[in-house]
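Read off the chains here:
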Amino acid sequence: MVLILSEDNDLSTIEVIEWLEFYGVRWVKITKEDEFKLNFIGDDINFKSKSYNFNISDIKSFWFRRGYLNVKFIPTSILELNEFLLTEFTDCVDYIYYVLQQKTHLNSINKANVNKLIVNKIANILDIKTPEEYVFSSLPALKNKLSKDIQYITKTISGSAMQVFEDFTIYNYTTLLKMDEINNDFFFPSLVQVKIEKKFELRIFYLDGEFYPMAILSQKDEQTSLDFRNYNKKKPNRKVPFRLPKVIEVKLNALMKRVDLNCGSIDMIVTKKNEYVFLEVNPVGQFGMTSFPCNYNLEKKIANYLVYEYRKN
C-alpha cells in the first residue's frame, strides 16, 4: 500500500494517484482535515477512520506531499491540562513519522521547509555560487554596509510568497530595494541580495538523484524580470526543457544529499556570463509547472518511484 499525506485539492497528488490506479496499487491519501483513531497493537499501529482501516505494516511506501497527520489519541482538553500526557503524545506522533521514513519514501514532514539562509551557506561550502546576501534589521546598518553604486533586491527569508488574511491575500514577490522608501530606523529582519543580471531562470525538479530542468525566459518582461512568479497571464513567459552541465548536477546532488532531501524544486539563475547561481530549494513546491511544458511526465515518474517495492517483489 502507498500512503500519501497531502491536501484535498492538490492537482499533482490527484495525477500521481491516477497512475497508482493504472498500476493497480492500493493507496490511501490522508489530509490534515481527516480525523482518525490510532491503536498501538504491540509492534504495529492501526489507522482507522470512516474511510479506511489499515496497519502501518501494510504501507510499502510513503509520500509526504503536504500537511500533517491529524492524530486523535485522547480528547484534546485532557492533553491541554496534562503536560506529561502531551509529552507522551508528541513522542508517539514522532515515532509514527520515524517509522514512515524507514519505508520507501519521498520527502519528510521534518523537511517540509528548509532554512534558505542555512542551505545557501551549505551550497557555498560545496562550491555552488549563490547571491551575495545580507540580513538587516536597521536602516543605519543597511546604509553603512551597502554600496550606492550597486542595485539590491529584497525577498522573503522563508521563500513563502503568500500571506493569507481573513478577506485578502498579500503576495511577497522579489522587489528592487529602494532605501529612500524605508521610513523606520528599525524593522523586522529582512533579506537583501545583490541584484543579478540574468540570462534566464531555471526551475529544476529533483527526484532521487535525477534532474528535470526547465528554462524560464522571464528576463525581457518587466513584470517577471525580478520574479517569474509575478506571472504575466496575458503574455506568459516561454518555458522550455533544458540540460544542466554535469558539473552543476554533481554539485546540486551533493547539496540535496547534505540537506537530506530526495525530492524538491530547485530555483537557479543563469547569468549573462553563463554562471549558474543557486537561489533556493522548495521540498514541496509545485512541479506540474515543470512537468507539462517540458513533457517530463513527472507524475508518472513519482508513481513509479512509489511502486518500486511492488515491482521488486
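Residues numbered from 1 in each chain as written. Predicted model: local features only at pLDDT ≥ 70, side-chain atom pairs only at ≥ 80, totals over all residues. Heavy atoms only, no water.

What follows covers the overall build of the chain. From N to C terminus, the chain includes 9 helices and 19 strands. Split into buried and exposed, the 313 residues of the chain put 46% on the buried side. Counting every atom, the chain has about 17,800 Å² of accessible surface; 50% of that belongs to carbon and sulfur. If you average the places of the 42 positive and of the 40 negative side-chain charges in the chain, the two averages end up 7 Å apart. (Helix = DSSP H or I, 4+ residues; strand = E, 2+ residues; numbered from the N terminus. Buried < 20%, exposed > 50% of the residue type's maximum accessible area, 1.4 Å probe, protein only. Areas by Shrake-Rupley, 256 points an atom, 1.4 Å probe, with all protein chains shown as cover. Lys, Arg positive; Asp, Glu negative; His and termini not counted. Charge placed at Lys NZ, Arg CZ, Asp CG, Glu CD.)

Here 4 strands make up an open sheet; going across it, the order is E9-E14-E10-E13 and the pairing antiparallel. The open sheet has two edge strands, strand E9 (133-138) and strand E13 (175-176), and neither has a second partner. As judged from the 5 bridges shared by E9 and strand E14 (residues 186-194), these two strands associate in the antiparallel manner. Across the sheet, Ser138 pairs through a bridge with Phe186, a residue of E14. (Pairing = 2+ DSSP bridges.)

This part is about the confidence of the model for the chain. On average, residues of the chain score 88 in pLDDT, and 95% of them are at 70 or above. Of all helices and strands in the chain, the one with the weakest mean pLDDT is helix H2 (residues 76-81) (60), whereas helix H6 (residues 246-258) scores best (97). (pLDDT = per-residue confidence, 0-100.)

Another aspect to go through is the environment of Phe292. With respect to the helices and strands, Phe292 occurs in helix H7 (residues 288-294). Separated by 27 residues in sequence, Phe292 and Ser265 place their C-alpha atoms 15 Å apart. Apart from residues no more than four positions distant in its own chain, Phe292 is found in contact with Glu15 and Glu299. (Contact = heavy atoms within 4.5 Å.)

Okay, the side chain of Asn237 next. Mapped onto the elements, Asn237 comes out in the loop between strand E16 (210-217) and strand E17 (238-241). If we ignore the near neighbours within four places in the chain, the residues touching Asn237 are Ile216, Leu217, Ser218, Asp221, Thr224 and Phe228.

The 4 strands lie next to each other as E2-E1-E6-E8, forming an open sheet whose pairing is parallel. Each end of this open sheet is capped by a strand with a single partner; those strands are strand E2 (27-30) and strand E8 (104-106). This sheet shows a mean twist of 15° between the axes of neighbouring strands, independent of strand direction. Pairing of strand E1 (residues 2-5) with strand E6 (residues 61-64) involves 4 bridges; the strand directions are parallel. (Axes fitted to C-alpha atoms, helices over the stretch in contact; angles between N-to-C directions.)

With that settled, the discussion passes to unusual backbone geometry. The phi dihedral of Asp208 falls on the positive side, at around 50°, and the residue is not glycine. Positionally, Asp208 belongs in the loop between strand E15 (198-207) and E16. For Asp208, a relative accessible area of 43% translates into the label partly exposed. Look at Asp260: it is not a glycine, yet its phi comes out positive at around 60°. Looking at Asp260, the relative accessible area reads 57%, which means it is exposed.

Overall, the coordinates contain 13 aromatic pairs when judged by the stated rule. For the ring pair Trp19 and Phe22, a centre distance of 5.6 Å and an interplane angle of 85° mean the geometry is edge-to-face. Of this pair, Trp19 and Phe22 are both found in helix H1 (residues 11-23), 3 residues apart, which corresponds to roughly one turn of the helix. Plain terms: the ring middles of Tyr212 and Tyr296 are 5.4 Å apart, the flat faces sit at 65° to each other, and that makes the pair edge-to-face. Separated by 84 residues along the polypeptide, Tyr212 in strand E16 and Tyr296 in the loop between H7 and helix H8 (298-306) bring together distant segments of the chain. The pair Tyr212 / Tyr296 is uniform in exposure class, with both members buried. Taken together through their ring pairs, the aromatic side chains of Phe36, Phe47, Tyr52 and Phe54 make up a single cluster. (Phe/Tyr/Trp six-rings, centres within 6.5 Å; stacked < 30°, edge-to-face > 60°.)

Next up on the list: the state of the cysteines. Two cysteines joined by a covalent bond between their sulfur atoms form a disulfide. Tallying each qualifying case throughout the model produces 0 disulfides. Left without a disulfide partner, Cys263 is nearest to the cysteine sulfur of Cys294, which lies 16 Å away. (Disulfide = S-S within 2.5 Å.)

Among the secondary structure elements, Lys116 is positioned in helix H4 (residues 116-125). On the basis of relative accessibility, which here comes to 5%, the residue Lys116 falls in the buried class. Non-local contacts of Lys116, meaning those with residues more than four positions away in its chain, are made with Lys155, Thr156, Ile157, Gly159, Leu191, Leu279 and Glu280.

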